[in-house]
Amino acid sequence: MGDVLAGIHATWEFGTDSVLIRFERGIRTPKLFQSLRERRIPYAALSSVTLTPGKRGTVVLRAVPRAGADPLVEAASGQLKEGCDPYRLVLPAEREVLAEYYADELRALLDPASDEPADRFLVAAPEAPMNFKAYDGRAGFDGERVSFRWSWTGASSAKWKAGDQTFKVSELAGIVWRSPEALDGYLRLLPRAATPVDHRTGGSLGDLHGPDGSGSAGGGPADGMPAAAPVARAADQDPAAVLFGLGYGPVHESLPFAAAVLESVRRTQPAPAASAPALVNAGRRDPADIAERIHHLGELHRAGLVTDAEYTAKKAQLLAEL
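Structural notes, computed from the coordinates. Just so it is clear, the model here is predicted, and its values are computed rather than measured.

Take the layout of surface pockets next. Counted as a void, the second largest pocket has a volume near 420 Å³. Taken together, 17 residues make up the lining of the second largest pocket; nearest its centre are H9, K55, G83, R88 and V90. Of all the secondary structure elements, the ones that give two or more residues to the lining of the second largest pocket are β5 (46-53), β6 (58-65) and β7 (88-92). If you tally residues by element for the lining of the second largest pocket, the top one is β7, at three residues.

Structure below.
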């Protein structure tokens, strides 16, 4: 379209295949926006466009990202407050007609597969190197390795005994980010050999599936995923996690960090192992067993260890075994 739409805290510049969002700098601009500076969002990364009334005589134009298209959104996992949503453009109410015009223009440019989850990240992640200070240490990421350097004033004795940590991206299966604005927020790395962590509680998914982490005798990890070992540590005791606290690990520093790590992890993950061909005369599987495996697959998906595309494919495969 080649047009520019200026709103409060941001300006959208419409190109032939993407919209460039430039964020303003200023006291009233959310710090996350200032940290991001600008983001180029391909139209292929969007699922829909909405226009709704805002607060105090404003309207809100929002481009809704596709599931799995943006590492920042995936890392945030629905925890961002409305005012920090980088896909919202707030405009004065008197510009509603103009906003409606651009909303219609954007809708016409959406990909035919916009309703489906993206099979890879389509939006660029924040660039490394980057670092931030957490309550119990300092986290750094150089693009290939994540490092945790413990603070003598905040780190637990368990972390001091483990010593400073360095993790190669190739050795990680995913990350879990719990907002610093929530109680007991943290950034946790998920090594490939570790049990997926339930980000809702900070505990291990092994706690939900029994001591072997499989859920049932017939269950197990999704194709291409390593066997999980039981791990049940709180974030303040886990050397693979840094703990946030009041004034430590703020959203505008820790979330872009988490997104950059997540993108690197996904990019370096090996392709899922091919499924073994089904036997021609094989009998039907026990429905209870299939249900348990789908439940376990869902937990892996929510923990970020299985992509949307992998989850959909594996679930369909399991259902076909009934």
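Spanning 14 residues, helix α3 (residues 96-109) covers 20 Å between terminal C-alpha atoms, matching the ideal 20 Å at 1.5 Å per step. Those residues of α3 not exposed but buried are A99, Y102, A103 and L106. For α3, the angular spread of buried residues about the axis comes to 105°, placing them on one side. Set apart from the buried face of α3 by more than 90 degrees, the exposed residues are V97 and A108. Looking at the buried positions of α3, the neighbouring elements they touch are β1 (4-6), β2 (10-14), β5, β6 and β7.

The subject of this paragraph is the pattern of salt bridges. Note on pairing: side chains with opposite charge can pair once their charged atoms come close. For the structure on display, the rule yields 12 salt bridges. Across the pair D70 and R39 runs a salt bridge, and its minimum N-O distance is 2.8 Å. With D70 in the loop between β6 and α2 (71-76) and R39 in strand β4 (residues 38-42), this residue pair connects regions lying 31 residues apart in the sequence. One salt-bridge network, held together by shared partners, links E13, R22 and E38.

The first and last C-alpha atoms of helix α6 (residues 251-268) sit 25 Å apart over 18 residues, in line with the 26 Å expected at 1.5 Å per residue. Taking burial as the measure, the 18 residues of α6 include 14 buried ones, the bulk of the element.

With that out of the way, let us pick up the environment of E263. Along the chain, the position of E263 falls in helix α6. Along the primary structure E263 and V123 are separated by 140 residues, whereas in three dimensions their C-alpha atoms are 9.8 Å apart. Aside from chain neighbours lying at most four places away, what touches E263 is P71, F121 and A125.

About the thresholds
- Residues numbered from 1 in each chain as written.
- Predicted model: local features only at pLDDT ≥ 70, side-chain atom pairs only at ≥ 80, totals over all residues.
- Heavy atoms only, no water.
- 1 Å grid on protein atoms, 1.4 Å probe; cavity = no way out; pocket = protein on both sides within 12 Å on 5 of 7 lines; lining within 4 Å.
- Points joined across faces, edges and corners; volume = space filled by probe spheres on them.
- Helix = DSSP H or I, 4+ residues; strand = E, 2+ residues; numbered from the N terminus.
- Expected span 1.5 Å × (residues − 1).
- Buried < 20%, exposed > 50% of the residue type's maximum accessible area, 1.4 Å probe, protein only.
- Arc of directions from axis to C-beta.
- Contact = heavy atoms within 4.5 Å.
- Salt bridge = Lys/Arg side-chain N within 4 Å of Asp/Glu carboxyl O.

In short, geometric facts, not functional conclusions.
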